[in-house]
Amino acid sequence: MRHPSPASKNHKPSSNLIMNGSVRVRVIRTLLAIQNGQSLASVLDPLLNSLHDGDKGFAHALLLTTLRQWHALARLLDSLADNPIDEVEVRTTIQVGLVQLLYLEVADHAAIHETVEAAKEVGFAHATGLINAILRKVAKNPNKFRKKCNKNHSLPNWLAYQLKQDWSDQYDALTQGLRQPAPMFLRVNAAASSVTEYQEALNGVEIETELTKMTTGFRLPSASNAAPVTLATIGLRLRQSTAVSALPDFADGIVSVQDMHAQLAAPIIHRALMSKVSADQSQAGLDNNELHILDACAAPGGKLAHWLELLSSEDASVLFHVKQDDTAATSVPTGIKLTAIDNEASRIERIYDNLKRLNFTQTDLAQSSSGIALDIVCADATRWRSTGGASKKQDSAKNSGVFDAILLDSPCTATGVIRRHPDISLLRTEEDVEQTALLQAEILQNLWPQLKVGGYLLYVTCSILKQENVLQMQDFVSRHDDAAAVAFTEACSWGIEQAIGRQCLPIDRDGGDGFYYALLQKTMA
């Protein structure tokens, strides 16, 4: 999934500026780069790679904590200063000092002295008196100022207002939850191991985990008598985050790091696809002998890999069963063609890297007995059209389509993953929401005609804004007579029921990120 990027500012500090100076100076310059439009993902590794191992932990904590508390710190700073402080570099330096005093428990003298020295190195020696005075004032009563800082949200006001409108009952817990670090979850490759086996392997290297189980229930119209479907998604939550290099067999593709709520996507669309296969077989409704499925906006490939794991571990007799009677064989699928698209070449490379680690490259799949053919395409989902897969009968039919199932991990403002990417609260603007909603609508409008009648589209975002989620779905369904929303049932142990779909919120310190899910089936108009 691609998150829309903010417009570039006029000035971006060069990487060599970020790499020079003390740890605090480098963090300050990194924060300045983020304020000028660069993402945390693009500057974090260069920062850490420039430091000695002993400094990396402090730099990471200082940077991430400052970002998480950014807006609350800014309001605290305004209340501490006698006159407005307009210089971005000075404000950033003071906020880095405040984080050390209020959240990282750095000794007062070290936090104040080193921050003042950093201001000189950044080129703002004229402000050292102001910086010193404010930090000393806070150091005299840190508990008072910490409480003041923690009292309200640490979000831009426009976003806090919108969350109040969308989630009034959950607002306080939600805005405080977004200030916390997110837990680390693991997804075990079902085609290679089991969750319990891998948990034992982690125990062997003294990495403590807890099983996390989520139940999903929904009612598929294509199922016999619209019987409800219930499935379980099981992952592992680490009690303390660790480097992936410490995870047993990570390099061999046995396990992946993936948020628990993100792990819902592949099982839902996979189970819907299996339902369609079963219905097609019972009704002899297949027009060819190959299933066609699409992962749209697929990068970096986590959900794609999960779907491949499920497809690879599926009993081949379920997918490719040939039902025969005394007179003829029913036409059933003999293979799967999975197409994955994303619109940036660099992000496509990330898909290849992830699939290589998991042994799901196109070559790996071709040499296996899975019957899966993978096609990865660099294309714009608002315009891309599949060039194959439909039969002549389908081509001439109204509402014809190519794909039996589509997973649309839609572009969004990513407000649901602020815990992991706290730079989002600095980079996103109110205008981004409207632009993103329009982009989502364009993608839906382009992909929907490519879905077969009876097929399923799973719409997923990592946003917690209703305009991108339930309101988007309500608008889409109202304009498409052939779109039927699949109802999630009370069996769901996750999320909040919406008019269409379900919404996960990042409230629980031990829980997953903010995700929205809606499952649609294409019917005869």
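Preceding block: the structure.
In this text the structure is predicted, and so the values were computed from the model without any measurement. (Residues numbered from 1 in each chain as written. Predicted model: local features only at pLDDT ≥ 70, side-chain atom pairs only at ≥ 80, totals over all residues. Heavy atoms only, no water.)

Hey, could you run me through the overall build of the protein chain in this one?
Across its full length, the protein chain holds 21 helices and 14 strands. Relative to its full complement of 525 residues, the protein chain shows a buried share of 54%. Partitioning the intrachain contacts of the protein chain with sequence separation of at least 6 by distance along the chain shows that 78% fall at a separation of at least 24. (Helix = DSSP H or I, 4+ residues; strand = E, 2+ residues; numbered from the N terminus. Buried < 20%, exposed > 50% of the residue type's maximum accessible area, 1.4 Å probe, protein only. Contact = heavy atoms within 4.5 Å.)

I'm lost on the sheet that holds strand 3 (residues 228-238) in this one. Help?
Each strand in a sheet pairs with another by means of backbone hydrogen bonds, the pair being arranged parallel or else antiparallel. Read from one edge of the open sheet, 5 strands run 4-1-3-2-11, paired in antiparallel fashion. A strand with exactly one partner marks an edge of an open sheet, and here the two such strands are strand 4 (255-257) and strand 11 (487-488). Where strand 1 (residues 184-188) lies against strand 4, 3 bridges are found, and the strand directions are antiparallel. Bridge pairing in strand 4 links Leu186 to Val257. In the packing of helix 12 (residues 195-204) onto the sheet, the strands contacted are strand 1, strand 2 (209-219), strand 3 and strand 4, and the crossing angle to strand 3 comes to about 5°. (Pairing = 2+ DSSP bridges. Axes fitted to C-alpha atoms, helices over the stretch in contact; angles between N-to-C directions.)

What should I look at first to understand the pairing of strand 3 in this one?
The side chains of a regular strand alternate, residue by residue, between the two faces of the sheet. Both strand 1 and strand 3 contribute to a ladder of 3 bridges, which runs antiparallel. Considered in strand 3, the bridge of Met184 is made with Leu238. Summarising the sheet, strand 2 and strand 3 pair through 11 bridges and their orientation is antiparallel. Bridged to Thr216 within strand 3 is Leu231.

Before we go on, may I ask you to explain the packing of aromatic side chains in this structure?
Each aromatic ring pair is specified by the distance between its two centres and by the angle formed by the two planes. Under the defined criterion, the tally for this structure stands at 7 aromatic pairs. Summarising the aromatic geometry, the rings of Phe218 and Phe488 are spaced 6.1 Å apart at their centres and angled 85° between planes, so their arrangement reads as edge-to-face. Residue Phe218 is located in strand 2, and its partner Phe488 is located in strand 11; the two are separated by 270 residues in the primary sequence. One exposure class covers both Phe218 and Phe488, and it is buried. Ring geometry for Phe515 versus Tyr517: centroids 6.3 Å apart, planes at 25°, classification stacked. Residues Phe515 and Tyr517 agree in their burial class; the two are buried. Three or more aromatic residues joined by ring pairs make a cluster, and in this case those are Phe218, Phe488, Trp494, Phe515 and Tyr517. (Phe/Tyr/Trp six-rings, centres within 6.5 Å; stacked < 30°, edge-to-face > 60°.)

I keep staring at the environment of Leu358 and nothing clicks. Help me out?
Relative to the helices and strands, Leu358 resides in the loop between helix 16 (345-357) and helix 17 (362-367). In sequence terms Leu358 and Ala191 are 167 residues apart; their C-alpha atoms lie 10.0 Å from each other. Leaving out residues up to four positions away in the same chain, Leu358 has contacts with Arg187, Asn189, Gly253, Ser256, Ala305 and Glu309.

Would you mind going over the nonpolar core with me for this structure?
Buried together is how nonpolar side chains tend to be arranged in soluble globular proteins. Ranked by internal contacts, the top residues of the largest apolar core, which has 71 residues, are Leu163, Tyr517 and Leu519. Here the element with the most residues in this core is helix 13 (residues 265-283); it accounts for 8 residues. The contacts of Leu519, once residues within four sequence positions are left out, are Phe218, Leu220, Ile268, Ile269, Ala272, Tyr456, Leu457, Leu458, Ala484, Ala485, Val486 and Phe488. Core analysis: the second largest hydrophobic core is formed by 51 residues, Leu64, Ile85, Leu98 and Cys149 among them. (Core = buried A, V, L, I, M, F, W, Y, C linked by side-chain atoms within 4.5 Å.)

I would appreciate a short explanation of the environment of Leu102 in the present structure.
Relative to the helices and strands, Leu102 is located in helix 6 (residues 88-102). Taking the C-alpha atoms as reference, Leu102 lies 8.4 Å from Ala139; in sequence the two are 37 residues apart. When residues no more than four places from it in sequence are discounted, the contact partners of Leu102 are Leu73, Leu76, Val138, Pro142, Phe145 and Arg146.

For this particular structure, what's the right way to read the pattern of salt bridges?
Pairing of side chains with opposite charge becomes possible as their charged atoms draw close. Summed over the entire model, instances satisfying the criterion amount to 17 salt bridges. The partner of Asp380 in a salt bridge is Arg383, with the nearest N and O atoms 3.1 Å apart. Across the pair Asp513 and Arg420 runs a salt bridge whose closest N-O atoms are separated by 2.5 Å. With Asp513 in the loop between strand 13 (502-503) and strand 14 (516-522) and Arg420 in the loop between strand 8 (403-409) and helix 19 (424-427), the pair connects residues that are 93 residues apart, well separated along the chain. Among the charged side chains, a network of salt bridges with common partners joins Glu208, Glu210, Arg237, Arg239 and Asp510. (Salt bridge = Lys/Arg side-chain N within 4 Å of Asp/Glu carboxyl O.)

Quick question: what am I supposed to make of the environment of Ser39 here?
The residue Ser39 is located in the loop between helix 2 (23-35) and helix 3 (40-49) in this model. On the basis of relative accessibility, which here comes to 28%, the residue Ser39 falls in the partly exposed class. Sequence separation between Ser39 and Leu427 is 388 residues, and the spatial gap between their C-alpha atoms is 7.9 Å.

How do you make sense of the packing of helix 4 (residues 53-68) against helix 6 when you look at a structure like this?
The relative placement of two packed helices is expressed as an angle between their axes plus a distance between the axes. Helix 6 packs onto helix 4 with a crossing angle of 110° between their chain directions and a minimal axis gap of 10 Å. When the interaxial angle is binned, helix 4 and helix 6 end up roughly perpendicular. Here Phe58, Leu62, Thr65 and Thr66 of helix 4 lie close against helix 6, whose contacting residues are Gln95, Val96, Val99 and Gln100. In terms of residue class, the contact of helix 4 with helix 6 is made up of 4 nonpolar, 4 polar and no charged. (Parallel < 35°, antiparallel > 145°, perpendicular 65-115°, else oblique. Nonpolar A, V, L, I, M, F, W, Y, C, P; charged D, E, K, R; others polar.)

I tried to follow the pairing of strand 6 (residues 336-342) on my own but got confused; where do I start?
For strand 6, the buried fraction is high: 6 of the 7 residues fall into the buried class. Pairing analysis gives 6 bridges linking strand 5 (residues 291-296) to strand 6, with the strands arranged parallel. If you follow Leu291 over to strand 6, its bridge partner there is Ile336. Note that strand 6 and strand 7 (residues 372-378) share 7 bridges and pair parallel.

Whenever I open this one, unusual backbone geometry confuses me. Can you help?
Trans is the prevailing form of peptide bonds, just as negative phi is the prevailing case for residues other than glycine. Residue Ala299 is joined to Pro300 through a cis peptide bond whose omega torsion reads 5°. Of note in this structure, Glu206 is not a glycine but carries a positive phi near 60°. As for its placement among the helices and strands, Glu206 is situated in the loop between helix 12 and strand 2. You can call Glu206 exposed: its relative accessible area is 71%.

Before we go on, may I ask you to explain the state of the cysteines in this structure?
Each disulfide is one covalent bond, formed between the sulfur atoms of two cysteines. A complete count under the given rule lists 0 disulfides for this structure. Cysteine Cys412 is unpaired, with the sulfur of Cys462 as its nearest cysteine sulfur at 3.5 Å. Using a relative accessible area of 0% as the deciding quantity, one classes Cys412 as buried. (Disulfide = S-S within 2.5 Å.)

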